[in-house]
Amino acid sequence: MFTVTRPDGYQLSTDPTRLDLDRVHHWLSTDAYWALGRDRDTVERAFAGSIGFGIYRPGDGRQVAVARVVTDRATFAWLCDVYVDPGARGRGLGTWLAGAVRDHLAELGVRRILLATLDAHGVYAKVGFTPVVSEHWMQLDQRVTQVTGKEQQAGSPLTVEA
């Protein structure tokens, strides 16, 4: 396990027993655009198969941030489900979390970390993340989404009727 404490008392840990999955589920399913409506069982299974990072407040130890890393622990990792509680934002916790993930994975020998974001590019750029050349990457996205009132397969051509 990996644990580090900032001078202001915030503690970051990969100890899975410290993760408050009820709190994490609430954050993700109600406030994270990428996971709205995600059920509790899915959150639990996702964290069970990943490295979970939690940030805990000084004093009472309440969890205030989370990140999940899907990795082979050797060459590749995907950083996802990064969330900082609204009441804890503005303290640099997101940048600290992303940097700690980077550093912990480097200790394991992981040299490529991917992530996707719609709105936090600046946070990740501060710790070295850069845009990818999208033509090199492909995906198979089998999620079903609601588009124009019709169910569409994510990634399928969108047909708009006038």
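Draft legend 1. Highlighting the layout of surface pockets. Empty space within the largest pocket amounts to approximately 1700 Å³. If you go around the largest pocket, you meet 47 residues; those closest to its centre are Leu79, Leu115, Ala116, Thr117 and Tyr124. Among the secondary structure elements, those contributing two or more residues to the lining of the largest pocket are strand S5 (76-84), helix H3 (93-108), strand S6 (112-114) and helix H4 (121-125). Among the elements that line the lining of the largest pocket, the one with the most residues is S5, at eight residues. Of the residues assigned to the lining of the largest pocket, the class counts are 26 nonpolar, ten polar and eleven charged.

Draft legend 2. Summary view of the packing of aromatic side chains. This structure, assessed with the given rule, holds three aromatic pairs. Summarising the aromatic geometry, the rings of Tyr33 and Trp34 are spaced 5.0 Å apart at their centres and angled 85° between planes, so their arrangement reads as edge-to-face. On the basis of relative accessibility, which here comes to 32%, the residue Trp34 falls in the partly exposed class. Ring geometry for Tyr124 and Phe129: centres 5.8 Å apart, planes at 75°, overall edge-to-face. Like Tyr124, the residue Phe129 is buried in the burial classification. If you follow Arg18 out to its NZ or CZ, it ends over the ring of Tyr56, 4.0 Å from the centre. Above the ring of Tyr83, the side-chain terminus of Arg89 is found at 5.2 Å from the ring centroid.

Draft legend 3. Fine view of the pairing of strand S4 (residues 63-71). Most of S4 sits out of view: eight of its nine residues are buried. In this sheet, S4 lies alongside strand S3 (residues 51-56) in antiparallel orientation, the contact comprising six bridges. Residue pairing in the sheet places Gly54 in a bridge with Val66 of S4. Linkage of S3 to S4, two consecutive antiparallel strands, is achieved through a turn of six residues, within which Gly59 is found at a positive phi near 90°. In terms of strand pairing, S4 meets S5 through six bridges, oriented antiparallel. Paired with Val69 across the two strands is Leu79, which belongs to S5. A loop of four residues connects S4 with S5, the two strands running antiparallel in sequence, and Arg73 in this loop sits at a positive phi of about 60°.

Parameters and conventions
Residues numbered from 1 in each chain as written. Predicted model: local features only at pLDDT ≥ 70, side-chain atom pairs only at ≥ 80, totals over all residues. Heavy atoms only, no water. 1 Å grid on protein atoms, 1.4 Å probe; cavity = no way out; pocket = protein on both sides within 12 Å on 5 of 7 lines; lining within 4 Å. Points joined across faces, edges and corners; volume = space filled by probe spheres on them. Helix = DSSP H or I, 4+ residues; strand = E, 2+ residues; numbered from the N terminus. Nonpolar A, V, L, I, M, F, W, Y, C, P; charged D, E, K, R; others polar. Phe/Tyr/Trp six-rings, centres within 6.5 Å; stacked < 30°, edge-to-face > 60°. Buried < 20%, exposed > 50% of the residue type's maximum accessible area, 1.4 Å probe, protein only. Lys NZ or Arg CZ within 6 Å of the ring centre and 35° of its normal. Pairing = 2+ DSSP bridges.

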